[in-house]
Amino acid sequence: MRIGVLIFAKPEEDVASGIERLEKAGREAGHEIVRLYETTLSIYSPPNVGGVSAKGGSASGGRGGTGVEVRLDEQPIGPFDALIARPNFIEEPSLHTPLLEALEQNGYRVLNRAAPITIAKNKLLQHVRFQKSGIPMPRWAIVHTVKEARRASALLGFPLIAKVAFGTWGAGVFYAENLETLQPIMHYLQVRDGNPVILETFIEEANRTDLRVFVVGGKIIAAMERKARPGDVRANTSIGGEGHTAQLTKDEERVALDAAHVSELDIAGVDILRSKQGPLVIEVNANPGFAELERVTGVNIAKTIIEFAISGH
Ligand SMILES: Nc1ncnc2c1ncn2[C@@H]1O[C@H](COP(=O)(O)OP(=O)(O)OP(=O)(O)O)[C@@H](O)[C@H]1O
Ligand SMILES: [Mg+2]
């Protein structure tokens, strides 16, 4: 089978996490793995025929399709049995997801798809969606100004966590113990771009530890506990958090599967905090790394992703 890995970077830049693992696992299973870099791909509309866009994506190499064509060096990208996207960007996701949308229009099997990535990469949108679907989360508010933040903090209580919409690897997550620490953070964010900020109750009893549950195609394939390094509240392994084996309760499994299901992501990294009220979801990642998870659990995550990507062929 021919599988593409979509990387949202320039070819000369550092590659996104997991690419080499996916290449190795794919090759071991006898597949051809091709790197596709977003910055080298162009999207073309079809020529107009009598004022109407021509239909059919035969030149695209996709199965069926509606006419837009994704080209690499002026050539159609050719047939792929699956395209695995590693959306490693931190900007507004809708700048990047049109490429995935175009590939989907061409009939390619794309994981994760454009629409769920657009939501998952925007913490604001994801919070609002999860609330509607009854996914348990820490109590939160979305605010813009120092004044609104003061009001929200009176409701949420301290300590609390402030989060920007497009953070990553823990960058964009701030811990505020009281008004004296929250106000300057909010003031800076307000001056920097004025974008909305999420304020969230800090779950103290989670003990600076969260659960990372890896869900592929609606099944939990591995999970671990991550403990923040001393001096930090953020458990992300990319900033020194350490992974440990974890046994999930039935409740935690159900919440993780529900969150992955609601997010409509085929490949999902669900972050959960163990709280007095039971498991609380803090986010679901559309581009979850898996190096630490493979190390801790011994599960071949890359192989599982490849197998799921080509399932149905
Ligand atoms: N409400 C909270 N209470 C306690 N700890 C939290 C809370 N929210 C976040 N954290 C800690 O901060 C870490 C990072 O938060 P979060 O997962 O929301 O953002 P992120 O990992 O930076 O985002 P992304 O995955 O999009 O890069 C979590 O893994 C957790 O350890
Ligand atoms: Mg996270």
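We now turn to the structure provided with this report. Bear in mind that the values here come from a model prediction, so they are computed numbers and not experimental data.

This brings us to the site of ligand 1. Near ligand 1 you find 24 residues, and of these Gly170, Asp210, Asn236, Glu283 and Asn285 are the closest. Between ligand 1 and lysine 123, the relevant distance is 2.8 Å, taken from an oxygen atom to a side-chain nitrogen or oxygen of the residue. Measuring from a nitrogen atom of ligand 1, one finds a backbone N or O atom of isoleucine 203 at 3.0 Å. With the chains in place, 95% of the 620 Å² that ligand 1 exposes on its own is no longer accessible. For the shell around ligand 1, the secondary-structure elements that each account for two or more residues are strand E11 (160-168), strand E13 (197-201), strand E17 (267-275) and strand E18 (278-285). Grouping the constituent residues of the shell around ligand 1 by class yields 10 nonpolar, 6 polar and 8 charged. Counting contributing residues per domain, the shell around ligand 1 is built from domain 2 (139-202) and domain 3 (205-310), each supplying no fewer than three.

Another aspect to go through is the layout of surface pockets. In this structure, the second largest pocket encloses a volume near 230 Å³. Forming the boundary of the second largest pocket are 16 residues, of which Val164, Ala165, Phe166, Arg192 and Asp193 lie nearest the centre. Those elements giving two or more residues to the lining of the second largest pocket turn out to be E11, strand E12 (171-176) and helix H6 (179-192). Considering each element in turn, the lining of the second largest pocket owes the most residues, 4 residues, to E11. For the lining of the second largest pocket, the residue count by class is 10 nonpolar, 4 polar and 2 charged.

A few words now on the sheet that holds strand E7 (residues 75-76). With antiparallel pairing, the 3 strands of this open sheet are ordered in space as E3-E6-E7. Two strands lie at the open edges of the sheet, namely strand E3 (41-44) and E7, each paired on one side alone. Where strand E6 (residues 69-72) meets E7, 2 bridges bridge the pair, whose relative direction is antiparallel. Note that in E7 the partner of arginine 71 across the bridge is proline 76. Most of the contacts of helix H2 (residues 97-105) go to E3, to which it runs at about 60°, and overall it touches E3 and E6.

Thresholds, definitions, all that
- In every chain, residue numbers begin from 1 and rise along the written sequence.
- As a convention, the first chain written is A and the first ligand written is 1, with the rest following in written order.
- This being a predicted model, a pLDDT of at least 70 is required before a residue's local features are given, and a value of 80 or more before pairs of side-chain atoms are given or counted; all residues contribute to the totals for chains, interfaces and linings.
- Based on all heavy atoms of the structure, the side-chain values leave hydrogens and waters out of the count.
- Only heavy atoms are used to decide nearness, and a residue is near a molecule or strand if one of them lies within 4 Å of it.
- Pairing of N or O atoms within 3.5 Å defines a polar contact, subject to two protein rules: one partner must be a possible hydrogen donor and the other a possible acceptor, and residues neighboring in sequence count only if both atoms are side-chain atoms.
- Residue exposure ignores everything except the shown protein chains as possible cover, and the areas themselves are Shrake-Rupley values with a 1.4 Å probe.
- Helix numbers and strand numbers start at the N terminus; a helix is a DSSP run of H or I with at least 4 residues, a strand a run of E with at least 2.
- Gly is put with the polar residues, along with every residue not named as nonpolar or charged; the nonpolar set is Ala, Val, Leu, Ile, Met, Phe, Trp, Tyr, Cys and Pro, and the charged set is Asp, Glu, Lys and Arg.
- For each domain, the first and last residues come from an automatic or database assignment.
- Think of a 1 Å grid over the protein atoms and nothing else: a 1.4 Å probe that fits but is trapped marks a cavity, an open set flanked by protein within 12 Å on at least five of seven lines marks a pocket, and residues with an atom within 4 Å of a point count as lining.
- Grid points are joined across faces, edges and corners, and a volume is the space filled by probe spheres set on the points.
- Here, any two strands with at least 2 DSSP bridges between them count as paired.
- Should any heavy atoms of two residues lie within 4.5 Å, those residues are considered in contact.
- Note on geometry: axes are C-alpha line fits, over the in-contact stretch for helices, and angles between N-to-C directions span 0 to 180 degrees.

Nothing here speaks to function; it is all geometry.
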